[in-house]
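Fold and contact review
Listed below are the residues making up each chain.
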Amino acid sequence: MPFAFDNSYARLPEAFSARIEPTPVSAPVMIRLNRELAADLGIDVARLDSPEGLNILSGNRIADGSEPLAMAYSGHQFGGFSPQLGDGRAILLGEVVGIDGLRRDVHLKGSGPTPFSRRGDGRSALGPVLREYIVSEAMAALGVPTTRALAAVASGEQVIREGRVPGGVFTRIARSHIRVGTFEWFAARQDHANLRLLADHVIARHYPEAREAANSYRALLDGVIQRQAELVAHWMQLGFIHGVMNTDNMTVSGETIDYGPCAFLDNYHPKKKFSSIDQQGRYAFANQGPIAHWNLTRFAETLLPLLNSDSDKAIPEAEAALDAFSNLHQSALQRRFTAKIGIDAADDSDWNLVKTLLAAMAEGEADFTLVFRQLANALESGNDATVIRLFNETDAIIAWLREWRARLPQAARPAAIALMRRTNSIFIPRNHRIEEVIQAGNGGDYEPFHRLNEVLQHPFEEQGEFAEYEAAPEPDEVVCATFCGT
Ligand code: AMP
Ligand code: MG
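Below, the discussion takes up the overall build of the protein. The number of helices and strands found in the protein is 16 helices and twelve strands. The C-alpha atoms of the protein give 23 Å as radius of gyration, which agrees with the globular expectation for 486 residues (23 Å, within 12%). In terms of overall dimensions, the protein has C-alpha extents of about 65 × 60 × 40 Å along its principal axes. For the protein, the residues scored as buried account for 58% of the 486 residues in total. Residue pairs at least 24 apart in sequence account for 72% of intrachain contacts in the protein once pairs closer than 6 positions are excluded. When the accessible surface of the protein is split by element, carbon and sulfur atoms take 50% of a total near 19,100 Å².

Listed below in structure tokens is the structure:
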């Protein structure tokens, strides 16, 4: 058997999930199998890369040891509570323990209806499958905690979205698919016994050190807050906008999940948002920290009955944990952004330097990734022209470059250049490139998909043969809006 499944979630009580098998598809074709990841997961790669493997990864066959189920969860979507969400087009096949000893979920997306699908068809269009594959693997290569892509399969069927489009099945790997919304599911039902079981499961799986703490549930809350504060700062370092930070799309493991209408910044602007459904900019670039805090507040609320049986004591406990978020997130942002300008042990004046640069970028409509990457080259060559020409308004950046050089004495420059080059990626999954991949994929041409995936394996390295992938979009290539497309 390709997978040595050991299914801890399936062993939890019935209230956690609905048993459901994937619905077969008519003519599956493997588009890409992530052999390296499969090997890391201790999967028999040869068995997986076979007709049997394709059948498993398209939902046409149940692998030995698999106990397929749809997970129950609720969630706050754009601020409003939906008590009944759950895996409506996804199925957890089971869990494997990788060669690193860590347990991970193997999960199909687009595998057919479940008891949680209400309006949808349980399927996925191919476009979002290709997008999630590209972006999640890029995020992994960029060093960001994230779910991973094991496989993308074309289903051979069409799905009806805006018109008929090809369908796909995506195999996702995650440390777990437990979300803030999973806790909300039990909290909303006042099911404290199962809430405790869930918290204990999460502690065992993701925060084993919390078991040693005086109050394990407080330690769990602290741990989730710490990881999210760091995660969102890491996104911002790379110009990433998640796009739909609903509480059902926030893991408790600290991994990025659910790459729907996500996007990377081209031109920097703090209010930038791409998602067509985010009318108010709730999930705009610079709002991601405050929104993470808002989501974590919802998480803390679910834990109140576990934090202390006396609610007068539980609330201050939760508040104290939440109060730590802003400092954690702010110091992660400062560390990451001062590194982007080559400064390691930074102080407040260095953070001001970052803010001045970002303001100049917003005003000058400068490309986020290119500006930061060119800074190291400018420092090395002594020539600022390649930076300055990225700005439509140049006065502010010229003044800034002068101030920045003054901050970095000659002796500090080699280390600064090295720091910048490992902090500022050259390659990101630019929105127009993803669009190109999806257009081609919908026509049955997966070459652009494979090529983009290759480039993004090494996002911090110069790759001369792929230089065109560094470029910002031409005016007619700019993607203004992204869609969930589910
Ligand atoms: P998402 O937008 O991916 O965060 O999904 C939000 C909710 O909608 C989840 O409960 C999904 O399972 C459900 N959902 C999204 N697309 C579909 C679909 N095509 N069929 C059934 N349920 C869906
Ligand atoms: Mg989701």
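One pass over the structure, following the stated rule, counts 30 salt bridges. Glu95 is the salt-bridge partner of Arg205, the closest N and O atoms lying 3.8 Å from each other. With Arg205 in helix H6 (residues 192-206) and Glu95 in strand E6 (residues 90-97), the pair connects residues that are 110 residues apart, well separated along the chain. A residue is classified by how much of its surface remains accessible, and Glu95, at 1% relative accessible area, is buried. Between Asp258 and Lys109 there is a salt bridge whose closest N-O contact spans 3.6 Å. Taken together, the positions of Asp258 in the loop between strand E11 (240-241) and strand E12 (263-264) and Lys109 in strand E7 (residues 103-109) put the pair 149 residues apart, joining distant regions of the chain.

On to the side chain of Ser58, then. The topology assignment puts Ser58 in the loop between helix H3 (51-57) and strand E3 (69-71). Among the polar contacts listed, one links the side chain of Ser58 to the backbone oxygen of Leu54, at a separation of 2.8 Å. Residues contacting Ser58, with those up to four places away along its chain left out, are Thr23, Val25, Pro28, Val153 and Val169.

Moving on to the site of ligand 1. In the neighbourhood of ligand 1, 17 residues make up the surrounding shell, with Gly86, Gly88, Arg89, Gly122 and Asn249 lying closest. Separating a nitrogen atom of ligand 1 from a backbone N or O atom of Gly122 is a distance of 2.8 Å. A distance of 3.0 Å is found between an oxygen atom of ligand 1 and a side-chain nitrogen or oxygen belonging to Asn249. Considered on its own, ligand 1 offers 480 Å² of accessible surface; in the complex 81% of this is hidden by protein. Looking at the shell around ligand 1, its residues break down into two nonpolar, eight polar and seven charged. Residue-level mapping places the shell around ligand 1 at the junction of two domains, with at least three residues from each of domain 1 (9-177) and domain 2 (181-337).

Take the pairing of strand E9 (residues 148-161) next. One ladder, built from four bridges, connects strand E2 (residues 29-33) with E9; its direction is antiparallel. Along E9, the bridge assignment pairs Val29 with Ala154. Taking the residues between adjacent antiparallel strands as the criterion, E9 and strand E10 (residues 163-174) are bridged by one residue.

For the rest of this paragraph, the subject is the nonpolar core. Core analysis: the largest hydrophobic core is formed by 121 residues, its most contacted members being Phe183, Leu220, Ile341, Met361, Leu375 and Trp404. If one sorts the elements of this core by residue count, helix H7 (residues 216-237) sits on top with twelve residues. When residues no more than four places from it in sequence are discounted, the contact partners of Trp404 are Ile341, Leu353, Leu375, Leu379 and Met420. By size, the runner-up hydrophobic cluster in this structure holds 23 residues, among which are Phe5, Ala38, Val153 and Val169.

About the cut-offs
Residues numbered from 1 in each chain as written. Chains lettered and ligands numbered in written order. Predicted model: local features only at pLDDT ≥ 70, side-chain atom pairs only at ≥ 80, totals over all residues. Heavy atoms only, no water. Helix = DSSP H or I, 4+ residues; strand = E, 2+ residues; numbered from the N terminus. Rg over C-alpha atoms; globule rule 2.2 N^0.38 Å. Buried < 20%, exposed > 50% of the residue type's maximum accessible area, 1.4 Å probe, protein only. Contact = heavy atoms within 4.5 Å. Areas by Shrake-Rupley, 256 points an atom, 1.4 Å probe, with all protein chains shown as cover. Salt bridge = Lys/Arg side-chain N within 4 Å of Asp/Glu carboxyl O. Polar contact = N/O pair within 3.5 Å; in protein donor to acceptor, adjacent residues only side chain to side chain. Near = heavy atom within 4 Å. Nonpolar A, V, L, I, M, F, W, Y, C, P; charged D, E, K, R; others polar. Domains from an automatic or database assignment. Pairing = 2+ DSSP bridges. Core = buried A, V, L, I, M, F, W, Y, C linked by side-chain atoms within 4.5 Å.

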